[in-house]
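# Breakdown of the fold
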Amino acid sequence: MIPAIEKKSLEEIKIFQEQKLAELLGYISGNSPFYKRLFDGQNIDISKVKTLEDLQFLPVTTKEDLQQYNDDFLCVPQYKIIDYASTSGTLGDPVTFGLTDSDLDRLAYNEAISFACAGISEGDVVQLMTTIDRKFMAGLAYFLGLRKLKVGVIRVGAGIPEMQWDSILKYNPSYLITVPSFLLKLIEYAEIHGINYNNSSIKGAICIGESLREQDFSMNILSKKITDKWNIKLYSTYASTEMSTAFTECEHGKGGHHHPELIIVEVLDENNMPVKNGETGELTFTTLGIEAMPLLRFKTGDIVQLHNEPCSCGRNTLRVGPVVGRKKQMIKYKGTTLYPPAMNDVLSSFDNIENHLIEISTNDLGTDEILIKIAVKNQTPEFLQEIKDHFRAKLRVTPKIEFASKEVLNPLVFNPMSRKPIRFFDYRNTI
């Protein structure tokens, strides 16, 4: 199930997207109070935007715009809204997104072709290990996409390894949709309770929320720890509520594939200009085919690299590499630039660590200070020194690290009000 446009040449894809861009600009200039005001206020003549390169002459849209003018982005009357979703609010106040019936069809199509990219097909059974309530768009999207693929869905929800294994052993799903670190908990539960997980029905897992790969697409420590024990295929997927679109890996694991029918992608520098090929920058997108709340040049805050060479799977679309980090979470520490994923990766290499979180604050000199709190099975000064040495070897710096109990860390990391683990706490703005 590869859409025809994804096998076209890059030039054909570009021409297709430029036609869709013209349609979008006409639509939002006539229906979006926010974009009408923006275009009028800056005397923007959208008829002059002919190519994808012309996008750089248009203003960007930010998360702050969405938070401040949420309702002004709606392009349809309220009675047309079928579903209300909201962002997770990881980097600020949550934003509400309305979806029309047409938008839900688009969402289903997006996930269907994304799951097909990862090898899921009619006849498979998938265990959905994420929430579908709490205005969580992704959970609903997964269900709709799997339904469109004519795939069976077991809606178990998040957490509780015992319940997950009961369901796996009863219904024999072939794939899981989950946060990858939870797979380690499934393995641990299976080993304690004598479950032969390598003899189970599971062939693969679609992994959300956490990275599986290094920038060269090799497996990172987390994915190695999983696959060293459990012989399953892991697929990374990257998406957000704002884009209503997913970038999912194929079997070759070389980045998340772009769906040109659904979204235009740019990677921008600090001056909102496109970076050179092979350079990292902030992922910025323009949605196509959305009726209720389309977005133009929306800056995600995620730092990524694009890959343009054709993929062995037959798709010629660009691919989005693993997220380096979030722009707002960038840390300057002792002359070194760090992002939380790199620190998470270092900590994941230690089996003795049961949980951790990272706190960033501002010290008396006005510079960033890092405090990592870890819950471990066995506390020793030697182990603490081993972690510090590993940080120095991998990241060239050693942050402050202290022991904490699981009872203290677990409620913070696994906040019941959050859809995913929270390991990064930024106190720089409050000091």
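Residues numbered from 1 in each chain as written. Predicted model: local features only at pLDDT ≥ 70, side-chain atom pairs only at ≥ 80, totals over all residues. Heavy atoms only, no water.

For the chain, the name recorded in an unreviewed UniProt entry is Phenylacetate--CoA ligase, with Flavobacterium limi as its organism.

## Things to note about the overall build of the chain
Check the secondary structure of the chain and you find 11 helices and 20 strands. Relative to the compact-globule value of 22 Å for 431 residues, the chain shows a C-alpha radius of gyration of 22 Å, a close match. If one aligns the C-alpha atoms of the chain with their principal axes, the spans along those axes are about 65 × 60 × 40 Å. Taken over 431 residues, the chain has a buried fraction of 52%. Restricting the contact set of the chain to residue pairs at least 6 apart, pairs at least 24 apart contribute 66%. For the chain, the exposed area adds up to about 19,900 Å²; of that, 50% sits on carbon and sulfur atoms. When the 48 positive and 55 negative side-chain charges of the chain are each reduced to one mean point, those points stand 1 Å apart. (Helix = DSSP H or I, 4+ residues; strand = E, 2+ residues; numbered from the N terminus. Rg over C-alpha atoms; globule rule 2.2 N^0.38 Å. Buried < 20%, exposed > 50% of the residue type's maximum accessible area, 1.4 Å probe, protein only. Contact = heavy atoms within 4.5 Å. Areas by Shrake-Rupley, 256 points an atom, 1.4 Å probe, with all protein chains shown as cover. Lys, Arg positive; Asp, Glu negative; His and termini not counted. Charge placed at Lys NZ, Arg CZ, Asp CG, Glu CD.)

## Digging into the layout of surface pockets
If you add up the space inside the second largest pocket, you get close to 690 Å³. L52, V265, L306, N308 and L318 are, among the 25 residues lining the second largest pocket, the residues nearest its centre. Elements represented by at least two residues in the lining of the second largest pocket include exactly α1 (10-31), β10 (263-268) and β12 (298-307). Of the residues that constitute the lining of the second largest pocket, the class distribution is 11 nonpolar, nine polar and five charged. (1 Å grid on protein atoms, 1.4 Å probe; cavity = no way out; pocket = protein on both sides within 12 Å on 5 of 7 lines; lining within 4 Å. Points joined across faces, edges and corners; volume = space filled by probe spheres on them. Nonpolar A, V, L, I, M, F, W, Y, C, P; charged D, E, K, R; others polar.)

## As for empty space enclosed by the protein
Taken as a whole, this structure holds one cavity of 30 Å³ or more when the rule is applied. Space inside the largest cavity adds up to approximately 70 Å³. In terms of lining residues, the largest cavity is bounded by F97, G98, L99, D103, R106, L107, M137, S244, I290 and M293. Looking at the lining of the largest cavity, the elements with two or more residues in it are β2 (96-99) and α4 (101-117). Class assignment for the residues of the lining of the largest cavity results in six nonpolar, two polar and two charged.

## Overview of the environment of D216
Relative to the elements of secondary structure, D216 occurs in the loop between β6 (204-207) and α8 (221-227). Judged by relative accessible area, which is 53%, D216 ranks as exposed. A C-alpha to C-alpha distance of 26 Å links D216 and I353, two positions 137 residues apart in sequence. Among the polar contacts listed, one links the side chain of D216 to the side chain of S218, at a separation of 2.6 Å. (Polar contact = N/O pair within 3.5 Å; in protein donor to acceptor, adjacent residues only side chain to side chain.)

## Let's talk about the pairing of β10
Buried residues dominate β10, accounting for six of its six residues. Of the two faces of β10, the one holding I263, V265 and V267 and the one holding I264, E266 and L268 are both buried throughout. The pairing of β10 with strand β11 (residues 280-287) spans six bridges and is antiparallel. Opposite L268, over in β11, you have E282 as the bridge partner. (Pairing = 2+ DSSP bridges.)

## Considerations on the packing of α4 against helix α5 (residues 137-148)
Put simply, α4 and α5 touch, their axes get as near as 7 Å, and they point 70° apart. Between α4 and α5, the interaxial angle falls into the category roughly perpendicular. Where α4 approaches α5, its residues L104, L107, A108, Y109, E111, A112 and F115 are matched on the opposing element by M137, L140, A141, Y142, L144, G145, L146 and K148. For the contact of α4 with α5, the per-class residue count stands at 12 nonpolar, one polar and two charged. (Axes fitted to C-alpha atoms, helices over the stretch in contact; angles between N-to-C directions. Parallel < 35°, antiparallel > 145°, perpendicular 65-115°, else oblique.)

## Overview of the sheet that holds strand β20 (residues 424-426)
Sheet architecture is open: four strands sit in the order β19-β18-β17-β20, paired in mixed fashion. Edge positions in the sheet fall to β19 (400-403) and β20, since each of these pairs with one other strand and no more. Taking the axes of each pair of neighbouring strands and ignoring which way they run, one obtains an average angle of 20° across the sheet. Packing of helix α9 (residues 340-348) onto the sheet brings it into contact with β17 (353-362), β18 (368-376) and β20, and relative to β17 it is tilted by some 150°.

## Observations concerning the pattern of salt bridges
Going through the model one piece at a time under the given rule, you end up with 22 salt bridges. Note that K225 and D351 form a salt bridge whose closest N and O atoms lie 3.1 Å from each other. Placement of K225 in helix α8 and of D351 in the loop between α9 and β17 is noted, with a sequence separation of 126 residues between them. Between R297 and E266 there is a salt bridge whose closest N-O contact spans 3.0 Å. With R297 in the loop between β11 and β12 and E266 in strand β10, this residue pair connects regions lying 31 residues apart in the sequence. Connected through shared salt-bridge partners, E270, E282, K299 and K327 make up one network. (Salt bridge = Lys/Arg side-chain N within 4 Å of Asp/Glu carboxyl O.)

## A look at the state of the cysteines
Counting across every chain of the model gives zero disulfides. We note that C117 lacks a disulfide partner, and the nearest cysteine sulfur, in C250, lies 5.2 Å from it. By relative accessible area, C117 is classed as buried at 2%. (Disulfide = S-S within 2.5 Å.)

## Section: the UniProt feature "domain: AMP-dependent synthetase/ligase" (unreviewed entry) in the chain
Listed under "domain: AMP-dependent synthetase/ligase" (unreviewed entry) in the UniProt record, and renumbered for this structure, are residues 120-285. Counting secondary structure, residues 120-285 comes out at 26% helix and 25% strand; the distance between its end C-alpha atoms is 26 Å. (UniProt positions renumbered as here; feature names shortened; annotations may be inferred.)

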